[in-house]
Amino acid sequence: LKPGLKSRRKTFPDKNAKPEIALARTEFWMLYGFRQLHEIADVLENTEEFREIMPDFRQRLIATGDNDKAQEALLSELYEKIMRMDQGEVDTILGKLINRLEKDETLRAANGAAKKRPGYWALKAAKEPSLRDENKEKYNRGLFSIYLLNIVKLNPGQYVYQPAGMLHAYLEGRITELVGPSDNVMRGGLTGKYMDIDGLLRILKFKSVVPDIRNGDRISPAETVYAPAGSQLQASRITITANEAHTGYARTGGVLTLMDGEATVTAGDTTLPLAKGDGFLMIAGMSYTIATNSHATLDKGT
């Protein structure tokens, strides 16, 4: 293999973008895009272990004025500095951070107030052996991102859309994830798997985002649709109870998956029983009917 080819195959096996929908099944916590830059400035100043990473960040941010490109360049510089930091320095900074967090009694309660704080997730992640990378380093540099990204809580039935190039991570809970037709995988930490830092820095969008948490649109008594504006991805959730039936029409191909309960799907002359976790492949132009003797929740992705 030519130099660099192996790593490119690991992260970019195809040319397709990979947008995603995260649709919550339970209470769900995640990291979602970079925080507002003034909030990142607060983090760097108020987290004592981070103060020397980029001590002039706020002054440089003020100097950018309303120049979006300059602000993106500043955020890119900060993130690249963290991702290329010597592992010894990473371990020193994060070691001091984790030692301090372990003494904070308020982070021991697994409640909503604690989970809104990055320290809760940093402490939890630092104790997870699976986050050690191939070099078995002491601390995973992805812990820095917990402080740089928005912490988002989704309630069941809520969703967020992650366009290609948005840094994000799933922390706790269960979701149905719908992704674009791509096997590309870029990692920025909080994993023990391979990370292509050069590739990640090339494709990331260094823009602050305000999390856009949505509830979906109910199109029938049984079905709610989750269709982000500007995306071809669309998910829906179908919920029926005993002696009810739901009839649908697949405008495009997709997969219908039984998430809870039991059901049968009828299409044409074929009736297929579904158990929890079973999927049904829909073909564009297909009409289908779902029925249950008890209850059923199904998620559909197209």
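Residues numbered from 1 in each chain as written. Predicted model: local features only at pLDDT ≥ 70, side-chain atom pairs only at ≥ 80, totals over all residues. Heavy atoms only, no water.

Student: For this particular structure, what's the right way to read the sheet that holds strand E3 (residues 149-154)?
Tutor: The strands that make up a sheet pair up through hydrogen bonds in the backbone, lying either parallel or antiparallel. Read across the sheet, three strands follow the order E3-E2-E5 without closing on themselves; strand pairing throughout is antiparallel. Of all the strands in the sheet, just E3 and strand E5 (168-172) have a single pairing partner and so form its edges. Taking the axes of each pair of neighbouring strands and ignoring which way they run, one obtains an average angle of 25° across the sheet. One ladder, built from six bridges, connects strand E2 (residues 28-34) with E3; its direction is antiparallel. Residue Trp29 lies in a different strand from E3, and its bridge partner there is Lys153. Packing against the sheet, helix H7 (residues 118-126) makes contact with E2, E3 and E5, and its axis sits at approximately 80° to E5. (Pairing = 2+ DSSP bridges. Helix = DSSP H or I, 4+ residues; strand = E, 2+ residues; numbered from the N terminus. Axes fitted to C-alpha atoms, helices over the stretch in contact; angles between N-to-C directions. Contact = heavy atoms within 4.5 Å.)

Student: Help me understand the pattern of salt bridges in this model?
Tutor: Pairing is possible between side chains that carry opposite charge, provided their charged atoms lie close to one another. Within the structure shown, the criterion is met by 16 salt bridges. One salt bridge connects Arg84 with Asp198, and the closest N-O pair in it is separated by 2.7 Å. Here Arg84, found in the loop between helix H4 (68-83) and helix H5 (87-101), pairs with Asp198, found in helix H9 (residues 197-203); they are 114 residues apart in sequence, far enough to count as distant. What makes Arg84 partly exposed here is its relative accessible area of 46%. Classification of Asp198 by relative accessible area gives partly exposed; the value is 44%. When the shortest N-O distance is used, the salt bridge between Arg108 and Glu105 registers 3.2 Å. Each of the two residues, Arg108 as well as Glu105, counts as exposed. Three or more residues joined by partner-sharing salt bridges are found here, namely Asp42, Glu45 and Arg58. (Salt bridge = Lys/Arg side-chain N within 4 Å of Asp/Glu carboxyl O. Buried < 20%, exposed > 50% of the residue type's maximum accessible area, 1.4 Å probe, protein only.)

Student: Explain the sheet that holds strand E11 (residues 254-261) here, please?
Tutor: With antiparallel pairing, six strands are arranged side by side in an open sheet as E7-E8-E9-E16-E11-E14. One side of each edge strand has no neighbouring strand; the edge strands of this open sheet are strand E7 (217-218) and strand E14 (279-282). For strand E8 (residues 223-226) and strand E9 (residues 235-241), the ladder comprises four bridges, and the chain directions are antiparallel. Residue Thr224 lies in a different strand from E9, and its bridge partner there is Arg237.

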